[in-house]
Amino acid sequence: MKALVLVGGFGTRLRPLSCTRPKMLFPLANQALLDWTLKNLAEGGVDTVVLAVNYMAESLVRYFGPTKFDLGIIYSREGRPLGTGGPIKKAADLLIDDEPFLVLNGDIISDIDYQRLVEHHRSKGAVATIALMRVQDPSRYGAVEQDGDGRVLRFVEKPERGEAPSNLINAGIYVFEKEVLDYIPDGRKVSTEEEVFPILAKEGKLYGLEVHGLWLDIGVPEAYLEANQEILQRLDGPGRGEDIEVHKTTQILDPSYLGEGVKVGSHSVIGPNTSISEHVHIGEGCKIENSIIFPGATIGDYSSVRNAIIGENSILERWVKVESGSLIGDYAIIMDGVTITEGVTICPSKTVSESILQPGQVM
Ligand code: GTP
């Protein structure tokens, strides 16, 4: 079976971390975000993946190459962004076979059972089937209304509290017959959710199946940190790369991952739920928990980072404090003694010399 994975978006909220890598190559324990999806697809019976690439396409091609996890990888390049639907039309010739194909948003981490989804799709004789996830609060998403047979009747986008027809939302994972291509206009940006699904629903050709298991949409820092935690808990190996140097007085609390060439000074505490990417240097007396540190970052002595994401090659000098939900952009410099309070975003290459104490600020 073939799968098309959409990997071309900008990823607005996490953009400060995209200076040198697209979101799909963000670190998640010892691999890139998209590696986890490719591995699950290979295990779920997919043999060929078409990656619909646009933003930073070349880095994706260089990283994944022509095969990975026994999957053949084909690239469908867009000259300009075609949204979530246009790339499906563009890759039509690469996708069409005698069987249905999968379409996935690439920024979702999930371990759903693809085989079950495809079997359900076939048993209903559907033209398209959407994987549905049950969430507590559907107000951030589009909630789905179904009939007794599982047919999708309508979507309610971002429903007000109490107005959602169900707690089931579109998980961004679909099974399509080639007939779906007839519903996608050619040569322009198309939104599958807004332009294709409503018509298929009206014609009674769209089904939904509730799926179970891990499902996280890596659109905001909180979800990315949650995915990091989940993946670290599932790691089989020791969670340590090669050539790491950790001072004997430093404690590593698992689950945590330390990449190749990581150095940590004395009396620091790293973890739990922390991914430290390759060639990160951490000084003495530091405390880092529930966080993701991108490659090449430097964290000076006595600094602390909690529930936060630190971008590539950024520098936290000494006695720096980064609090929950904050995001330090690539190549930023946070100077001695600065506190970055909760939910703050520091733009790439910015130098911050004074504390930021108002939550949610973008600097
Ligand atoms: P944010 O919503 O700002 O996070 O940006 P996004 O671009 O990631 O948007 P969205 O969540 O709608 O994207 C869903 C999936 O489609 C993601 O995996 C994106 O990478 C992908 N995607 C979005 N726009 C395009 C596009 O124009 N071309 C391709 N190939 N993929 C896209």
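Nothing here was measured: the structure is a model prediction, and the numbers come from that model.

A. Inspection of the pairing of strand β1 (residues 2-6) at higher detail. A large share of β1 lies buried, amounting to 5 of its 5 residues. Burial of β1 is two-sided: the residues Lys-2, Leu-4 and Leu-6 facing one way and the residues Ala-3 and Val-5 facing the other way are all buried. As paired strands, β1 and strand β4 (residues 48-53) are joined by 5 bridges and run parallel to one another. Bridge pairing in β4 places Val-5 opposite Leu-51. Note: β1 against strand β7 (residues 101-105), 4 bridges, orientation parallel.

B. Summary view of the nonpolar core. Core analysis: the biggest nonpolar cluster contains 39 residues, and Leu-41, Val-49, Leu-51, Phe-64, Leu-102 and Leu-117 have the highest contact counts within it. Here Leu-51 is in contact with Val-5, Val-7, Leu-34, Phe-64, Ile-73, Ile-74, Tyr-75 and Ser-76, once residues within four sequence places are set aside. Formed by 30 residues, the second largest nonpolar core is a distinct cluster that contains Ala-91, Val-103, Ala-128 and Leu-168.

C. Local environment of the domain arrangement of the protein chain. Taken domain by domain, the protein chain consists of domain 1 (2-231) and domain 2 (238-362). Of the residues lining the interface, 18 residues belong to domain 1; the matching set on domain 2 comes to 24 residues. Buried area between domain 1 and domain 2, both sides added, is near 1,600 Å², and the carbon and sulfur share of it is 67%. The largest per-residue losses of area from domain 1 upon contact with domain 2 belong to Pro-16, Leu-17 and Leu-225, which jointly make up 33% of the total buried on that side.

D. Examining helix α5 (residues 114-124) more closely. Looking only at α5, the buried set comprises Tyr-114, Leu-117, Val-118, His-120 and His-121. Mapping the buried residues of α5 onto a view down its axis gives an arc of 160°, with all of them on the same face. Those residues of α5 that are exposed and angled more than 90 degrees off the buried face are Glu-119 and Ser-123. The N-terminus of α5 is capped by Asp-113, whose side-chain oxygen sits 3.2 Å from the backbone nitrogen of Gln-115. Where α5 terminates, the next one or two residues include Gly-125, which has phi positive at roughly 65°.

E. View of the side chain of Glu-312. Structurally, Glu-312 can be placed in the loop between β26 (309-310) and β27 (315-316). With sequence-adjacent residues up to four places away left out, Glu-312 is seen in contact with Thr-20, Arg-21, Phe-294, Pro-295, Asp-330 and Tyr-331.

F. Structural context of the sheet that holds strand β25 (residues 304-306). Spatial ordering of the open sheet is given by β16-β19-β22-β25-β28-β31, a layout of 6 strands whose pairing is parallel. The open sheet has two edge strands, β16 (251-252) and β31 (339-340), and neither has a second partner. Pairing analysis gives 2 bridges linking β16 to strand β19 (residues 269-270), with the strands arranged parallel. Across the sheet, residue Ile-252 finds its bridge partner in β19, namely Ile-270.

Rules of the game
In this numbering scheme, every chain counts its residues from 1 along its sequence in written order. Thresholds applied to this predicted model are a pLDDT of at least 70 for local features of residues and 80 or more for the giving and counting of side-chain atom pairs; totals over whole chains, interfaces and linings are not thresholded and use all residues. Based on all heavy atoms of the structure, the side-chain values leave hydrogens and waters out of the count. Think of it in three bands: with a 1.4 Å probe and only protein chains considered, a residue is buried below 20% of the maximum accessible area for its type, exposed above 50%, and partly exposed in between. Helix and strand assignments follow DSSP, with helices taken as H or I runs no shorter than four residues and strands as E runs no shorter than two, numbered in order from the N terminus. Think of it this way: DSSP has to see at least two bridges between two strands before they count as a pair. Here, nonpolar core refers to any group of buried Ala, Val, Leu, Ile, Met, Phe, Trp, Tyr and Cys residues whose side-chain atoms link them within 4.5 Å. Two residues qualify as a contact provided that any one of their heavy atoms is within 4.5 Å of a heavy atom in the partner residue. Domain extents, as shown, originate in an automatic or database domain assignment. What gets called buried area is simply the loss in accessible area from a 1.4 Å probe that two parts show on being joined, summed for both. It is the directions from the helix axis to the C-beta atoms that the arc portrays. N or O atoms within 3.5 Å of each other form a polar contact, as long as, within protein, one can give a hydrogen and the other can take it, and as long as residues adjacent in sequence are counted only when both atoms are side-chain atoms.

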